[in-house]
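Coordinate analysis (summary)
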Amino acid sequence: MSKNTNLELCPIARSLSVLGDAWSMLILRDAHVGFTRFDQFRKSLGIAPTMLTKRLSVLVDEGLLEKRQYSEHPPREEYVLTQAGKDFLPVLFVIGAWGRKYKPYEHPEQMVTFLDAEKGTEIEPIVIDQVTGAEIGTRTIRQHTE
């Protein structure tokens, strides 16, 4: 089995081929807090317009965002999360929790936090294996292919 085939069979590698850059993940973060317009993403991220156009195009092509026209004159489009994009939110929160723990900011009181909109409490994610109920990362894993 070639190295390339191993990468193609691994769901982590396949996901990273789409979402393995910071811009794509930050665009999805901003989409989750309600941004839909090109200028909103550009202002929030400070990203070059050409880079943003490329990343938005990939996220649309890969089914994480859907492009919708919101104005005909002049023609304007917005980017809305698909179900696949919505399903990525837990991944973003786990990455954020890792960063909060291992890449702390000099002034933690200034760090961005994310709150549950209904309860007003800070979101503190953990990942649980649905079958065993164990927190992922507390048990040894092994790789298996059919």
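Refer to the preceding data block for the structure.
This is a predicted model, so every value here is computed, not measured.

Once that is clear, we can look at the side chain of glutamate 78. With respect to the element layout, glutamate 78 can be found in strand S2 (residues 76-81). With relative accessibility at 17%, the residue glutamate 78 sits in the buried group. Within the structure, glutamate 78 has its side chain in polar contact with the side chain of threonine 36 (distance 3.3 Å). Once residues lying within four places of it in the same chain are set aside, the contact partners of glutamate 78 are Thr36, Arg37, Glu66, Lys67, Arg68 and Tyr70.

If you add up the space inside the largest pocket, you get close to 750 Å³. Lining the largest pocket are 25 residues, with Leu92, Phe93, Gly96, Ala97 and Phe114 positioned closest to its centre. Those elements that provide at least two residues to the lining of the largest pocket are helix H3 (22-32) and helix H7 (89-102). Across the lining of the largest pocket, the residue classes break down as 15 nonpolar, 4 polar and 6 charged. Space inside the second largest pocket adds up to approximately 590 Å³. Around the second largest pocket sit 18 residues that line it, and Pro11, Ile12, Val91, Ile136 and Ile141 are the ones nearest its centre. Contributions of two or more residues to the lining of the second largest pocket are made by helix H2 (11-19) and H7. Ranked by residues supplied to the lining of the second largest pocket, first place goes to H2 with 6 residues.

Relative to the assigned elements, valine 80 resides in strand S2. On the basis of relative accessibility, which here comes to 19%, the residue valine 80 falls in the buried class. Along the backbone, valine 80 and aspartate 61 are 19 residues apart, and their C-alpha atoms lie at a distance of 13 Å. Sequence-distant contacts of valine 80, defined by excluding residues within four places in its chain, comprise Leu64, Leu65, Glu66 and Arg68.

This brings us to the packing of aromatic side chains. According to the stated counting rule, one finds 3 aromatic pairs in the structure shown. Between phenylalanine 93 and phenylalanine 114 the ring centres are 5.4 Å apart and the planes differ by 90 degrees, which places this aromatic pair in the edge-to-face class. Taken together, the residues phenylalanine 93 in helix H7 and phenylalanine 114 in the segment after H7 connect sequence positions 21 residues apart. On the basis of relative accessible area, phenylalanine 93 is assigned to the buried category, the value being 17%. Here tryptophan 98 and tyrosine 102 contribute two aromatic rings whose centre-to-centre distance is 5.6 Å and whose plane-to-plane angle is 40 degrees, an arrangement assigned as tilted. Linking tryptophan 98 with tyrosine 102, this pair stays in helix H7, spanning 4 residues, or about one helical turn. A cation over an aromatic ring shows up here: arginine 37 above the ring of tyrosine 70, its NZ or CZ 3.6 Å from the ring centre.

This part takes up the nonpolar core. With 18 residues, the main nonpolar core has Leu19, Ile27, Leu28, Phe41, Leu56, Leu59 and Leu65 as its most contacted residues. Those elements that place two or more of their residues in this core are H2, H3, helix H4 (38-45), helix H5 (49-61) and S2. It is H3 that contributes the most residues to this core, 4 residues altogether.

Calculation notes
- Residues numbered from 1 in each chain as written.
- Predicted model: local features only at pLDDT ≥ 70, side-chain atom pairs only at ≥ 80, totals over all residues.
- Heavy atoms only, no water.
- Helix = DSSP H or I, 4+ residues; strand = E, 2+ residues; numbered from the N terminus.
- Buried < 20%, exposed > 50% of the residue type's maximum accessible area, 1.4 Å probe, protein only.
- Polar contact = N/O pair within 3.5 Å; in protein donor to acceptor, adjacent residues only side chain to side chain.
- Contact = heavy atoms within 4.5 Å.
- 1 Å grid on protein atoms, 1.4 Å probe; cavity = no way out; pocket = protein on both sides within 12 Å on 5 of 7 lines; lining within 4 Å.
- Points joined across faces, edges and corners; volume = space filled by probe spheres on them.
- Nonpolar A, V, L, I, M, F, W, Y, C, P; charged D, E, K, R; others polar.
- Phe/Tyr/Trp six-rings, centres within 6.5 Å; stacked < 30°, edge-to-face > 60°.
- Lys NZ or Arg CZ within 6 Å of the ring centre and 35° of its normal.
- Core = buried A, V, L, I, M, F, W, Y, C linked by side-chain atoms within 4.5 Å.

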